[in-house]
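So you can see what is in the structure, the chains are spelled out below.
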Amino acid sequence: MRKIALAVGLVFAASGLVSAASVAHAQGTVKIGLINVLSGQFADAGIQLDNGVKTYMKQFGDTVAGKKIEIIRKDVGGPAPDVAKRLAQELVVRDGVDMLAGFLLTPNALAAADVSAQAKKFMVVMNAATSIIITKSPYMIRTSVTLPQVMETFGTWAAKGGIKKCYTMVTDYGPGHDSEAAFQRAFKEAGGEIIGSVRFPVANPDFSAFVQRAKDMNPECIYVFIPGGSQPAALGKAFAERGIDLAKTKILASGEATSEQALKSMGEAGLGIISAWHYDYKSSAPLNVELVKLYNEMHGRNPDFFSIGGYDGMKAIYETLQKTEGKTDGDALIAAAKGLKWESPRGPMSIDPDTRDVVQTIYIRKVEKVGGDYVNIPFDRIENVKDPSRARGG
């Protein structure tokens, strides 16, 4: 019944939006419905994504291809797919948006994908990192990262670097499952052995028991995936309290676990953690130095991977609109987005013309103390990385 209601609603929208869209275009406006999380547990991450959007528009203006960009912001409040779908429908039907963007969390992106596909609306995923998302609408691209893209690269790197036995621990939801499968698969294919694994609840506040279970297995490394926000600091605290000796057991983590805010909270407990990720504000690349300066002027803090997803999401939107000369129908926009290439503050990146997913450099970093701050220091890099799961048909 709900599918029928959605279909009927979108058919109604298609007829009703003709006049709304015509008015918007006649006035030279492109409306972007930005579905984000601006309250609740993940609010800071959503704010950082939105800050990235604001920073790009401050740097490059609010007009592209002769049309003014209008952002209509909606707050989902957390992982709430029903709310995300309703907001996407409202944006299309009531507000007459030309495209959808944002999507901090996987469940919300998956829910809105149905609306994008049926309404034929261009959709830019600026953060949600589960591989399957991009397959759910032919009008979608992603400007953040996919977990297999990072974690298969990381698993291969770890095994080839001499680590033979690893224990994995991940958050028990889509991105955690994605990262776990990717790391384990690549690690084993490169000659390593997974000696144990555990999954913990999304809102888990205490990791002590999970860390102790991993320690008891005496692994050479512990691989960790947890979402950004308050949890990385809690996990770092658990590693310290349970006496994990990083000289004997390497901690390998996705970039969320060693974000700037997480490292500030962890302090000494973060030293030595090795992570693989696609962006760090400490990069000395000229475009990044320029971004960090403006970002601090505007927001009083440094950009992070949420920010760069929003920033490059707007870059992709602007470049796509330039190619279509301001045309905003879904077919024209997605055709223009396929194969886009640009130099980002994170490095060279592109949109794969076949998968519509992001292609970029993955950096291997280690947490060190520099001038009183705990920071990620890159010491290796793998360029031009695609999502390997898509190459396998996943």
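Please read these numbers as outputs of a predicted model, since none were measured by experiment.

What counts as what
Residues numbered from 1 in each chain as written. Predicted model: local features only at pLDDT ≥ 70, side-chain atom pairs only at ≥ 80, totals over all residues. Heavy atoms only, no water. Buried < 20%, exposed > 50% of the residue type's maximum accessible area, 1.4 Å probe, protein only. Helix = DSSP H or I, 4+ residues; strand = E, 2+ residues; numbered from the N terminus. Arc of directions from axis to C-beta. Contact = heavy atoms within 4.5 Å. Pairing = 2+ DSSP bridges. Phe/Tyr/Trp six-rings, centres within 6.5 Å; stacked < 30°, edge-to-face > 60°.

Chemist: An account of helix α7 (residues 208-216) is needed here, citing residue identities and associated values.
Modeler: All of the buried residues along α7 are S208, F210, V211 and A214. The buried residues of α7 occupy an angular sector of 165° when the element is viewed end-on, so they sit on one face. When the buried face of α7 is taken as reference, the exposed residues oriented beyond 90 degrees from it are A209 and D216. Close packing links the buried residues of α7 with β7 (165-171), β8 (193-200), β9 (221-225) and α8 (231-241). The positive-phi residue at the C-terminal boundary of α7 is N218, with phi of around 55°.

Chemist: Quick one: what's the story with the pairing of strand β13 (residues 347-351), residue by residue and with numbers?
Modeler: Within β13, four of the five residues are buried, which leaves it mostly tucked inside the rest of the structure. When strand β12 (residues 341-344) meets β13, the two strands line up antiparallel, connected through four bridges. Note on β13: the bridge partner recorded for W342 is M349. Following β13, the chain reverses through six residues before pairing antiparallel with strand β14 (residues 358-370); R356 in that reversal takes a positive phi of roughly 65°.

Chemist: Mind laying out the packing of aromatic side chains, listing which residues take part and the relevant values?
Modeler: Going through the model one piece at a time under the given rule, you end up with 12 aromatic pairs. Summarising the aromatic geometry, the rings of Y56 and F60 are spaced 4.5 Å apart at their centres and angled 35° between planes, so their arrangement reads as tilted. Of this pair, Y56 and F60 both sit in helix α2 (residues 43-60), four residues apart, which is roughly one turn of that helix. Considering the side-chain rings of F183 and Y223, the 4.2 Å spacing of their centres and the 10° angle between planes classify their relative orientation as stacked. You can see F183 sitting in helix α6 (residues 174-189) and its partner Y223 sitting in strand β9, a full 40 residues away along the chain. Assigned by exposure class, F183 and Y223 land together as buried. Each member of the aromatic cluster is reached from another via a ring pair, and the members are F154, W157, F183, F187, Y223 and F379.

Functional significance is not addressed by these values, which are geometric in nature.
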